[in-house]
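What follows is each chain in one-letter form.
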Amino acid sequence: MKIYISRKIPSEVLLHIGQSGLEVHYNDSETLPERSVFIRNCQQADLLLNVGMAQLDAGFMEACSNLKGIALTSVGYDHVDLEAAARNGIPVSNTPGVLSRTTAETAFLLMLATSRKAFFRAGEVQRGEWKKFGFLHELGIEISGKTLGIFGLGRIGIEMARMSRAAFGMDIIYHNRSRNLQGEKELRAVYVSFEELLERSDVLSVHTNLTPETRYMFNRNSFARMKPTAIFINTARGKVHREPDLIRALKDGLIWGAGLDVTDPEPMQPDNPLLQMPNVCVLPHIGSATIETRTAMAQMAADNLLAVYRGEKMPQEVG
Ligand code: DGY
């Protein structure tokens, strides 16, 4: 069998795949080839290790129905048409669990950075605008003892809640499709309606999948229900909030600040008004971007494809 690895992966994972007996076609680059080349490479393979977030839509699945397995290097799979994959008999796997803590660390980083306008203040230093102790200049907001609202108390959300409770004694409230009894017991997290989550959160952190239900869930109406002192954090998917509404909400003072690791579209354009706001911190979708986690993600993806090679079911099959 032949495996196509669409972008660069850690060398130890490449070695592991190479020792399996699979014929390896490796794109030793951080850049994905253009779509027609990508599809041609997939048509010549049995297995695809889809490094990054390349869109695998219905057209792709029809064109590459020869594939016997696709492994994603992400926990999210909103960039993949799973129905089309199933129609073409292609199992798809994701990478749950291994990136939960790292992604929560990114949410935590954004919570702190936003609360102290840290990116903007660091910019002042870089631009030579360090004011001699401006007593009331661009002040932040305290986090300790405040209420953290989690939208989506799953694997990543609970890690964010744990860190925030341990570090800052934050009270945890959450809204989910279903109750998280472990979170309630361990963290005294309180289940609330979506409206209550909006109204009571001092920091509201999004940790949900992007689905038709969660798309644009945070819009003008939602921001209008939040506290004017609230901080909105999104490390999940950019389309869970409606970006023009977020910009308006910040300009109108409906909420106090925002920390984003995900935007809509990605990449964010450098002239986006959010980048001019002192109370906004934006990162380029680096939630899981540590050496340890990216290695674990690549390894999990490889193991799913090696299972197919052995004639077994993918351990992390989705859909
Ligand atoms: C995921 O795993 O879904 C992340 O957003 C990509 O790092």
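Just so we're clear, the structure is a prediction, and the values are computed from it rather than from any experiment. (Residues numbered from 1 in each chain as written. Predicted model: local features only at pLDDT ≥ 70, side-chain atom pairs only at ≥ 80, totals over all residues.)

## Focus on the sheet that holds strand β2 (residues 23-26)
Basically, it comes down to this: A pair of strands is treated as paired once DSSP finds two or more bridges between them. Runs of E in the DSSP output that reach at least two residues are strands. Runs of H or I that reach at least four are helices, and both are numbered from the N terminus.
Sheet architecture is open: six strands sit in the order β2-β1-β3-β4-β5-β13, paired in mixed fashion. What marks the edges here is a single partner per strand, and that holds for β2 and β13 (317-318). Sheet topology places strand β3 (residues 47-50) next to strand β4 (residues 69-72); four bridges connect them, and they run parallel. The residue of β4 that forms the bridge with Leu49 is Ala71.

## Quick look at the site of the ligand
Rules: Being near a molecule or strand means, for a residue, that its C-beta atom, positioned from the backbone, comes within 6 Å of it. Just so you know the grouping, Ala, Val, Leu, Ile, Met, Phe, Trp, Tyr, Cys and Pro go in nonpolar, Asp, Glu, Lys and Arg go in charged, and all remaining residues, Gly too, go in polar.
Around the ligand sit Ser74, Val75, Gly76, Leu99, Gly287 and Ser288, and that is every residue in its neighbourhood. The residue inventory of the shell around the ligand, partitioned by class, reads two nonpolar, four polar and no charged.

## Looking at the pairing of strand β11 (residues 257-260)
What counts, and what does not: With C-beta atoms placed from the backbone, a residue is buried if 20 or more other C-beta atoms are within 10 Å of its own, exposed if 12 or fewer are, and partly exposed between those counts. For the handedness criterion, the strands are oriented away from the viewer, and a crossover whose path from the first strand over the helix to the second runs clockwise is classed as right-handed.
Along β11, one buried face is formed by Gly257 and Gly259 and the opposite face, lined by Ala258 and Leu260, is buried too. As paired elements, strand β10 (residues 231-234) and β11 share four bridges and run parallel to each other. The residue bridging Phe232 from the neighbouring strand is Ala258, located in β11. In this fold, β10 hands off to helix α11 (residues 243-251), which returns the chain to β11; that crossover is right-handed. Pairing of β11 with strand β12 (residues 280-282), which is carried by three bridges, proceeds in the parallel orientation. Each bridged residue has a counterpart across the sheet, and for Leu260 the counterpart in β12 is Val282.

## A word on the nonpolar core
Which entries qualify depends on this criterion: Nonpolar core, as used here: buried Ala, Val, Leu, Ile, Met, Phe, Trp, Tyr and Cys residues forming one set through C-beta atoms within 7 Å. Residues are defined as contacting one another if the C-beta atoms placed from their backbone atoms lie within 7 Å.
In this structure, Ala161, Ile172, Ile233 and Ile255 are the most contacted members of the largest nonpolar core, which totals 47 residues. Examining the composition of this core, we find that six residues originate from one element, helix α5 (residues 100-115), more than from any other. Filtering out sequence-adjacent residues up to four positions away, Ile233 remains in contact with Ala107, Leu110, Met111, Val203, Leu204, Ser205, Val206 and Gly259. Ranked by size, the runner-up nonpolar core spans 38 residues in total, among them Ile3, Phe60, Val80 and Val98.

## Remarks on the pairing of strand β6 (residues 147-151)
When you tally the buried positions in β6, you get four out of five residues, the bulk of the element. Sheet topology places β6 next to strand β7 (residues 171-175); five bridges connect them, and they run parallel. Looking at the pairing, Gly149 lines up with Ile173 of β7. Following the backbone out of β6, through helix α7 (residues 155-168) and into the adjacent parallel β7, one traces a crossover that is right-handed. Bridge count for β6 against strand β9 (residues 203-206) is four bridges, and the pairing is parallel. By the bridge assignment for β9, Ile150 is matched with Ser205.

## A look at unusual backbone geometry
Cis geometry marks the peptide bond from Asp264 to Pro265, where omega comes out at 5 degrees. Mapped onto the secondary structure, Pro265 falls in the loop between β11 and β12. Positive phi values are uncommon outside glycine, yet His285 reaches one of about 50 degrees. Mapped onto the elements of the fold, His285 is located in the loop between β12 and α12 (291-309).

## Considerations on the domain arrangement of the protein chain
Which entries qualify depends on this criterion: Domain borders in the structure are assigned automatically or taken from a domain database.
The domain boundaries assigned to the protein chain delineate domain 1 (2-98 + 290-318) and domain 2 (100-282). Using only C-alpha atoms to locate each centre, domain 1 and domain 2 end up separated by 32 Å. Of the residues lining the interface, six residues belong to domain 1; the matching set on domain 2 comes to six residues. When its residues are assigned to classes, the side of domain 1 that touches domain 2 shows one nonpolar, four polar and one charged.

## Considerations on the sheet that holds strand β8 (residues 190-191)
The strands making up a sheet associate through backbone hydrogen bonding, with each pair oriented either parallel or antiparallel. Read from one edge to the other, the open sheet built from seven strands follows the order β8-β7-β6-β9-β10-β11-β12, with strand pairing classed as parallel. Strand pairing shows two members of the sheet lacking a second neighbour, β8 and β12, which therefore form its edges.

## Topic: α7
For clarity, the cut-off: The span you would expect from a helix comes to 1.5 Å times its residue count less one.
Compared with an ideal rise of 1.5 Å per residue, which puts 14 residues at 20 Å, α7 spans 20 Å between its outermost C-alpha atoms and is within 8% of the ideal. If you check which residues of α7 are buried, you get Ile156, Gly157, Ile158, Glu159, Met160, Ala161 and Ser164. Its buried side turned inward, α7 meets α5, β6, β7, α8 (181-187) and β9. Phi for Gly169, located one or two positions after α7, is positive at around 60 degrees.

## Focus: the packing of α5 against α7
The following threshold applies: For helices, the axis comes from a line fit to the C-alpha atoms of the stretch in contact; other axes are also lines fit to C-alpha atoms, and the angle between any two N-to-C directions lies between 0 and 180 degrees. For classification purposes, angles smaller than 35 degrees are called roughly parallel, those larger than 145 roughly antiparallel, those between 65 and 115 roughly perpendicular, and all remaining angles oblique. Handedness of a helix crossing follows the sense of rotation of the near helix relative to the far helix, less than a right angle counterclockwise being left-handed and clockwise being right-handed.
It is the contact of α5 with α7, at a shortest axis distance of 8 Å, that shows an interaxial angle of 55 degrees. Taken together, α5 and α7 sit at an angle that is classed as oblique. For the pair α5 and α7, the crossing hand works out as right-handed. Every residue of α7 that contacts α5 at Ser100, Arg101, Thr103, Ala104, Ala107 and Phe108 is listed here: Arg155, Ile156, Glu159, Met160, Met163 and Ser164.

## Structural notes on the environment of Arg165
With respect to the helices and strands, the residue Arg165 is situated in helix α7. Owing to 17 C-beta atoms within 10 Å, Arg165 belongs among the partly exposed residues under this scheme. In this structure the C-alpha to C-alpha distance between Arg165 and Ser144, which are 21 residues apart in sequence, comes to 9.1 Å. With near-sequence residues (within four places) excluded, Arg165 lies in contact with Met170, Ile172 and Leu187.

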